[in-house]
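Structural characterization, general
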Amino acid sequence: MIRDTRITLRPATKNDRRDIYMWLVASDVTAFMMGPPTFPEVPIPTWDEFFSDYAPHFFDGSRPHCGCSFIIEVDGKAVGHINYDGLDTERSIAELDIWMRSQDCCGHGYGTDAMVALMRHLHADFAVETFIVRPSRRNQRAIRAYEKAGFRPSRLSLADQTSTYGDGDYSDTITLERKMSA
């Protein structure tokens, strides 16, 4: 468990996997992240595609250096999901991804608190110093939330972002970074 003043990050289990998937693909926040009409280049994943992207280690803690998922809880109630992936201890980098359960859970700062708590944890336990998120420029709501958590646009050129972090999911992927000193 990772605790902050308002939220708790509970390690997700295989029993949480279906709920996390449904929050991603079938909630009232889905249209802000993927699928037509706003994101036609990012189709909504099938269960099998999600299962392939979010391998068992995200839900059983067996490979913490490869990634892990957490349920964001407020007063014991699940409000969203956050995970880290792409943990590169040689370069001291991790990529974060987050989505909330529903619109009712947005706009309260829970996502910002969850990101800050997870970054502190990864900095302390894995010495991660650079965190990235890679939303679409069209998702201004997410970008504002990431900025509240201390993220700023990468100073790398688009070509260098792709060479450093790989292709983004969107045709207009923006890389935001947050640095933490040792």
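The text that follows walks through the structure, step by step, so that each part is easy to find. (Residues numbered from 1 in each chain as written. Predicted model: local features only at pLDDT ≥ 70, side-chain atom pairs only at ≥ 80, totals over all residues. Heavy atoms only, no water.)

1. Some words on the overall build of the protein chain
Stated formally: For helices the rule is a DSSP run of H or I covering at least 4 residues; for strands it is a run of E covering at least 2, with both sets numbered from the N terminus onward. Radius of gyration here uses only the C-alpha atoms, and the compact-globule reference equals 2.2 Å multiplied by the residue count raised to the power 0.38. Exposure is judged per residue with a 1.4 Å probe applied to protein chains only, and the accessible area is read against the type maximum: over 50% gives exposed, under 20% gives buried, and values in between give partly exposed. Contacts are assigned to residue pairs with any non-hydrogen atoms lying within 4.5 Å of each other. Using a 1.4 Å probe, the Shrake-Rupley method yields the accessible areas, and only the shown protein chains count as cover for residues. Counting rule for charge: Lys and Arg are taken as positive, Asp and Glu as negative, and neither His nor the chain ends is counted. Where a charge sits is defined by one atom per residue type, namely NZ (Lys), CZ (Arg), CG (Asp) or CD (Glu).
The number of helices and strands found in the protein chain is six helices and eight strands. Along the protein chain, helices (α) and strands (β) appear in the sequence β-β-α-α-α-β-β-β-α-β-α-β-α-β when read from the amino end. A globule of 182 residues ought to have a C-alpha radius of gyration of about 16 Å, and the protein chain, at 15 Å, matches this closely. In terms of overall dimensions, the protein chain has a C-alpha envelope of 40 × 40 × 30 Å along the principal axes. The buried share of the protein chain, taken over its 182 residues, is 49%. Of the contacts made within the protein chain by residues no fewer than 6 positions apart, 64% connect residues no fewer than 24 positions apart. Of the roughly 9,300 Å² of accessible surface on the protein chain, 49% is carried by carbon and sulfur atoms. Taking the average location of the 21 positive side-chain charges in the protein chain and that of its 26 negative ones, the two points are 5 Å from each other.

2. Comments concerning the nonpolar core
Defined as follows: Nine residue types can take part in a nonpolar core, namely buried Ala, Val, Leu, Ile, Met, Phe, Trp, Tyr and Cys, and a core is a set of them joined through side-chain atoms within 4.5 Å.
If you look at the biggest cluster of nonpolar residues, it comprises 55 residues, and the most contacted ones within it are L9, L96, M115 and F151. If you list the elements that add at least two residues to this core, you get helix 1 (17-25), helix 3 (57-60), strand 3 (67-74), strand 4 (77-88), strand 5 (93-100), helix 4 (110-126), strand 6 (130-133) and helix 5 (140-148). The dominant element in this core, judged by the number of residues it contributes, is helix 4, at nine residues. In this view, M115 contacts I82, L96, I98, V133, Y146, A149 and F151; residues no more than four positions away in its chain are not counted.

3. A few points about the pairing of strand 8 (residues 176-179)
For the record, the criterion: By the convention used here, strands pair only if DSSP detects at least 2 bridges between them.
Looking at chain direction, strand 6 and strand 8 are connected through four bridges and run antiparallel. In the sheet register, V133 faces strand 8, and the bridge partner there is L176. Bridge count for strand 7 (residues 152-153) against strand 8 is two bridges, and the pairing is antiparallel. Counterpart to P153 in the pairing with strand 8 is L176.

4. Concerning a negative patch on the surface
Operational definition: Every patch collects residues that have over 30% relative accessible area and no salt bridge, joining them within 9 Å if they carry like charges and within 5 Å if they are nonpolar side chains (Val, Leu, Ile, Met, Phe, Trp, Tyr). Definition used for salt bridges: Asp or Glu carboxyl oxygen within 4 Å of a side-chain nitrogen of Lys or Arg.
Taken together, D48, E49, D53, D85, D97 and D169 make up a surface patch of like negative charges. When residues of the negative patch are assigned to their parent elements, the largest contribution, three residues, is made by helix 2 (residues 47-53). Along the chain, D85 turns up in strand 4. The class of D85 is partly exposed, set by a relative accessible area of 35%.

5. Points about the sheet that holds strand 4
Spatially, the eight strands line up as an open sheet ordered 1-2-3-4-5-6-8-7, and their pairing is mixed. Bordering the open sheet on either side are strand 1 (2-3) and strand 7, each of which pairs with just one other strand. Where strand 2 (residues 8-11) meets strand 3, four bridges bridge the pair, whose relative direction is antiparallel. Within strand 3, the position partnered with R10 by the bridge is I71.

6. Regarding the side chain of E73
Stated precisely, the cut-off is as follows: Counting of polar contacts relies on pairs of N or O atoms within 3.5 Å, with two restrictions inside protein: one atom must be capable of donating a hydrogen and the other of accepting it, and residues adjacent in sequence are counted only when both atoms are side-chain atoms.
Tracing the sequence through the fold places E73 in strand 3. A distance of 2.8 Å separates the side chain of E73 from the side chain of R10, its partner in a polar contact. Non-local contacts of E73, meaning those with residues more than four positions away in its chain, are made with R6, I7, T8, R10 and A78.

7. A look at the pairing of strand 2
Relative to strand 2, strand 1 runs antiparallel, the two being bridged by two bridges. Bridged to R3 within strand 2 is T8. Between strand 1 and strand 2, which pair antiparallel in sequence order, lie four residues.

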